[in-house]
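Letter by letter, the chains look like this.
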Amino acid sequence: MQMPLDAQVDIPDDALLVLYANGDQSAARILTLRLTPKVFGHAFRMLGDRAEAEDVTQDALIRLWKIAPEWRQGEAKVTTWLYRVVANLCTDRLRKVRGVDIDSIPEPEDDSTGPAETLQDKARVDALQAALNELPERQRQAVVLRHIEGLGNPEISEIMDIGVEAVESLTARGKRALTKALAGRRAELGYSDD
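Presented here is an overview of the structure given in this document. These numbers come from a predicted model, not from an experiment.

1. Let's talk about the overall build of the chain
Stage number 1. Helix and strand counts for the chain come out as eight helices and zero strands.
Stage number 2. Counting from the amino terminus, helix and strand elements in the chain follow one another as α-α-α-α-α-α-α-α.
Stage number 3. Going through the 194 residues of the chain one by one, you find that 38% of them count as buried.
Stage number 4. Taking as baseline every contact in the chain between residues at least 6 positions apart, the subset at least 24 positions apart corresponds to 60%.
Stage number 5. When the accessible surface of the chain is summed, it comes to about 11100 Å², and 52% of that surface belongs to carbon and sulfur atoms.

Here's what the structure looks like:
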């Protein structure tokens, strides 16, 4: 028996995955709606390419549906497992294609802001993405997971399969490199020094 869609909104991810494995298609819809923005956002920040990020998102979610029958509740968080899959898929793609021109990467359009704000936002996103692309792969991954995705160091250490101290070190080095790369661009990017 399938549960109504609105009744599943408060169900944890792992429980929804088990419900899906037991034939509840509405659980898959809820989980897809819940996880897709996170997965896509992480993939886009890692790759800097919307089409590639969409492909990674699709691949990662397909892998999630395939492992659903074997999922054991309580052993790992669905998001931790999924972020790790996304990170691995992005790493594979980055190793295949080096030297992506940041100017050739289209930014997603946001119709809710005016043209000036859109241009300013695009300049900021472009500057951040360019600076992120200059970081070594592991530093980029740690910085994105910590400061853009908002994950804690213990969860990042699980995703990256390294110790918490290594996460802290990667994150600190990545932040210093980003600060150095963006230091002279505050006024250009519309930030005041007040």
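2. Side note on the packing of helix α6 (residues 137-148) against helix α7 (residues 153-160)
Stage number 1. Contact geometry for α6 and α7: axes closest at 10 Å, N-to-C directions at 140°. Viewed along their axes, α6 and α7 adopt a mutual orientation that is oblique. Between α6 and α7 lies a crossing whose hand is right-handed. Here Arg-138, Gln-141, Ala-142, Leu-145 and Arg-146 of α6 come into contact with α7, specifically with Asn-153, Ile-156, Ile-159 and Met-160.
Stage number 2. Partitioned by chemical class, the residues of the contact of α6 with α7 number five nonpolar, two polar and two charged.

3. Details of the side chain of Arg-140
Stage number 1. Topologically, Arg-140 is positioned in helix α6.
Stage number 2. For Arg-140, which is buried and forms no salt bridge, the nearest opposite charge comes from Glu-137, at a distance of 6.1 Å.
Stage number 3. Among the polar contacts listed, one links the side chain of Arg-140 to the backbone oxygen of Leu-132, at a separation of 3.0 Å.
Stage number 4. Apart from the residues lying within four places of it in its own chain, the contact partners of Arg-140 are Arg-45, Met-46, Leu-94, Leu-132, Asn-133 and Leu-135.

4. Observations regarding the packing of helix α2 (residues 25-47) against α6
Think of two packed helices as two axes; the pair is described by the angle between the axes and how far apart they sit.
Stage number 1. At a closest axis distance of 10 Å, the pairing of α2 and α6 adopts a crossing angle of 140°. Accordingly, the angle class assigned to the pair α2 and α6 is oblique. Every pair of crossing elements has a handedness; the one defined by α2 and α6 is right-handed. The segment α2 lies against α6, with His-42, Arg-45 and Met-46 engaging Arg-140, Gln-141, Val-144, Leu-145 and Ile-148.

5. Quick look at empty space enclosed by the protein
Stage number 1. Inspection of every chain in the model, using the stated rule, returns one cavity of 30 Å³ or more.
Stage number 2. Approximately 30 Å³ is the volume attributed to the largest cavity.
Stage number 3. Breaking the lining of the largest cavity down by element, the ones donating at least two residues are α2 and α4 (78-96).

6. Considering helix α1 (residues 13-21)
Stage number 1. All buried positions along α1 are accounted for by Asp-13, Asp-14, Ala-15, Leu-16 and Leu-17.
Stage number 2. Those residues of α1 that are buried are in contact with α2, α3 (50-67) and α4.
Stage number 3. Just downstream of α1 lies Gly-23, where phi reads positive at about 100°.

Cut-offs applied
Residues numbered from 1 in each chain as written. Predicted model: local features only at pLDDT ≥ 70, side-chain atom pairs only at ≥ 80, totals over all residues. Heavy atoms only, no water. Helix = DSSP H or I, 4+ residues; strand = E, 2+ residues; numbered from the N terminus. Buried < 20%, exposed > 50% of the residue type's maximum accessible area, 1.4 Å probe, protein only. Contact = heavy atoms within 4.5 Å. Areas by Shrake-Rupley, 256 points an atom, 1.4 Å probe, with all protein chains shown as cover. Axes fitted to C-alpha atoms, helices over the stretch in contact; angles between N-to-C directions. Parallel < 35°, antiparallel > 145°, perpendicular 65-115°, else oblique. Left-handed = near helix turned anticlockwise from the far one by under 90°. Nonpolar A, V, L, I, M, F, W, Y, C, P; charged D, E, K, R; others polar. Lys, Arg positive; Asp, Glu negative; His and termini not counted. Salt bridge = Lys/Arg side-chain N within 4 Å of Asp/Glu carboxyl O. Polar contact = N/O pair within 3.5 Å; in protein donor to acceptor, adjacent residues only side chain to side chain. 1 Å grid on protein atoms, 1.4 Å probe; cavity = no way out; pocket = protein on both sides within 12 Å on 5 of 7 lines; lining within 4 Å. Points joined across faces, edges and corners; volume = space filled by probe spheres on them.

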